[in-house]
Amino acid sequence: MCGMPAIQIPAKAYDFIDEAHLSGLLSGKRPDAGQIREIIAKSLAKEALSVEETAALVIADQPELVEEIFAAARQLKQQVYGNRIVLFAPLYIGNNCVNDCSYCSFKRSNKGMVRRTLSQQEVREQVVALEDKGHKRLILVFGEHRQYDPRFIADTVRTVYATRSGHGEIRRVNINAAPLDHEGYAAIREAGIGTYQIFQETYHHPTYARIHPGNTPKGDYLYRLHGLSRAFEAGLDDVGLGVLFGLYDWRFEVLGLVSHALHLQHHYQVGPHTISFPRLRPAHGVEVDSRYLVDDSDFKRIIAILRLAVPYTGLILTARENPEVRRELMAFGVSQIDAGSRIELGGYTEAGDAQVMEREQFCLGDIRSLDEVMGELMEDGYLPSFCTSCYRSGRTGEHFMEFSIPGFIKEFCTPNALLTLQEYLEDYASPETRRVGEALVVEELGRLEDGDFKETICARLADIREMKSRDCYF
Ligand code: SF4
């Protein structure tokens, strides 16, 4: 509109998703074993991969090379994250939304959706229910609506942190909400959030335009693409990326995610803290377009390739997936999962055994309790963790990288995981889960080197058992 001053788009806010380049890489010649092994060696040296190297892993579909990629992803997961799996739960706060995304049951045109926004008192009730199960880390989820402005989000975060139940408390609150401007992020930063997550949903421009109407805020591809750049510019430390697999060709989306991670690393000296890779699921009032649905074997490749491409970014596998898929894919690079999740508004106090589709964004694949998931993880040799110490010790963003790159982080992760696990075993575990957990704690301690540090860990574990302390981390 004439007369309006030209909007100064900062130099970084260009469209860095070069569609022709990415599509060109995907139609390139299949790499040979030597090329793939060189790329794998770079990952195992804990170096992030370029988009071109990632593309080579994507188009290498020779079965023997796919197996080598799987084996390398398992190995890198062990090297960087050990057997630790961090646990969290989602808490949906409000599902009013002005957007009309074709794949989402919260879209404004879905008149059958039960609309609701939790009051602060209802938020407290949900948080108490989650704390009484043993949760310590939450992600709050909001539709895009003027009701959910930065002030409302910040107030809700403060309500969550202020809510306690017995030994229960939430120690880290992440956010999944709409992109904000610098001022909005600054307001939320004040409330002490952890990660701000924005999913681009798809990086493919024509698909994006087709499924996000242009007359809705989410129709603006570039504003969303730079949502997390503004978050960094406003002083947030940790951000999370994601796409909804099944909207377009998964191979292209993997390259889009890596392009985005490298863009952030290049311009802000820190990559994404996490990447999520949800798959399209049945949803109320939504007709699923099945052209690009991702099957389990390709989904496994997605996780393994991302593991190798971004060694220091946490990979989140959610309860969208069923228990069998989660159990199998955990080993290929996943570092965080949710458990005991309910995504109906008010679901942690109101939902029964069956899911209520007209009250949730999509249908979950895994609604087992936290305790069941904990038991299975430990039977499979994983160390469940509710750790939040990096975030609370200022080891975030660039500082997290400083710590994690030389591998020191493992020195902290395992002891802190053991401490949070012991708390869980004392305060929330079923007798069976406690039995499995106690045996795992002994086993993990057996792997640690004898010395002062180990004695300190053992003393802190004893304090927890004797109810003398809680929340003691390194
Ligand atoms: S995907 Fe998000 S923005 Fe789109 S309709 Fe659903 S809640 Fe709204």
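Here we summarise the structure given alongside this text. (Residues numbered from 1 in each chain as written. Predicted model: local features only at pLDDT ≥ 70, side-chain atom pairs only at ≥ 80, totals over all residues. Heavy atoms only, no water.)

Concerning the overall build of the chain
Rule in force here: We count a stretch as a helix when DSSP gives it H or I for four or more residues in a row; a strand needs E for two or more, and each element gets its number in order from the N terminus. Using C-alpha atoms as the atom set, the radius of gyration is obtained and then compared with a globule rule of 2.2 Å times the number of residues to the power 0.38. Burial status follows relative accessibility: with a 1.4 Å probe on protein chains alone, a residue under 20% of its type maximum counts as buried, one over 50% as exposed, and anything between as partly exposed.
A tally of regular secondary structure across the chain gives 20 helices and eleven strands. Its C-alpha atoms give the chain a radius of gyration of 22 Å, near enough to 23 Å, the size a compact globule of 474 residues would have. Based on the C-alpha atoms only, the size of the chain along its principal axes is roughly 70 × 60 × 40 Å. Each of the 474 residues in the chain was classed as buried or not, and the buried ones make up 59%.

Some remarks on the side chain of Lys77
Selection rule: Note on charges: Lys and Arg go in the positive column, Asp and Glu in the negative column, and His and the chain ends are not counted at all. Salt bridge, as used here, is a side-chain nitrogen of Lys or Arg placed within 4 Å of a carboxyl oxygen of Asp or Glu. Contacts were defined at the residue level, with two residues in contact if any of their heavy atoms lie within 4.5 Å.
If you trace the backbone, Lys77 turns up in helix α4 (residues 63–81). Of the side chains with opposite charge, Glu444 lies nearest to the buried Lys77, which makes no salt bridge, at 11 Å. The residues touching Lys77, leaving out its near neighbours within four places in the chain, are Gly82, Arg84, Ile85, Arg307, Met330, Ala331, Gly333, Val334 and Ser335.

What about the site of the ligand?
Rules: Each residue is tested against the molecule or strand, and it is near if at least one of its non-hydrogen atoms lies within 4 Å. Lining residues are those with an atom within 4 Å of a point, where the points come from a 1 Å grid over the protein atoms alone and group into cavities, where a 1.4 Å probe fits but cannot get out, or pockets, open sets with protein on both sides within 12 Å along at least five of seven lines. More than half of a molecule's atoms lying within 2 Å of a cavity's or pocket's grid points is what places that molecule inside it. Under this grouping Gly is polar, as are all residues other than the nonpolar Ala, Val, Leu, Ile, Met, Phe, Trp, Tyr, Cys and Pro and the charged Asp, Glu, Lys and Arg.
All residues adjacent to the ligand are Cys97, Asn99, Cys101, Tyr103, Cys104, Phe106, Lys107, Lys218 and Gln361. Put simply, the ligand lies in the largest cavity. Its residues assigned to classes, the shell around the ligand comprises five nonpolar, two polar and two charged.

Comments concerning empty space enclosed by the protein
Here is the rule we go by: Grid points are joined across faces, edges and corners, and a volume is the space filled by probe spheres set on the points.
Within the structure shown, the criterion is met by five cavities of 30 Å³ or more. Estimated volume of the largest cavity: approximately 790 Å³. Mapped by element, the contributors of at least two residues to the lining of the largest cavity are β1 (84–94), β2 (137–142), β5 (172–176), β6 (195–197), β8 (274–276) and β10 (336–338). Of all the elements, β1 adds the most residues to the lining of the largest cavity, at four residues.

Structural notes on the pattern of salt bridges
With the rule as written, the count across this model stands at 37 salt bridges. Taking the shortest distance from any N to any O, the salt bridge between Asp61 and Arg30 comes out at 2.5 Å. You can see Asp61 sitting in the loop between α3 (51–59) and α4 and its partner Arg30 sitting in the loop between α1 (19–26) and α2 (33–44), a full 31 residues away along the chain. Judged by its relative accessible area of 46%, Arg30 falls in the partly exposed class.

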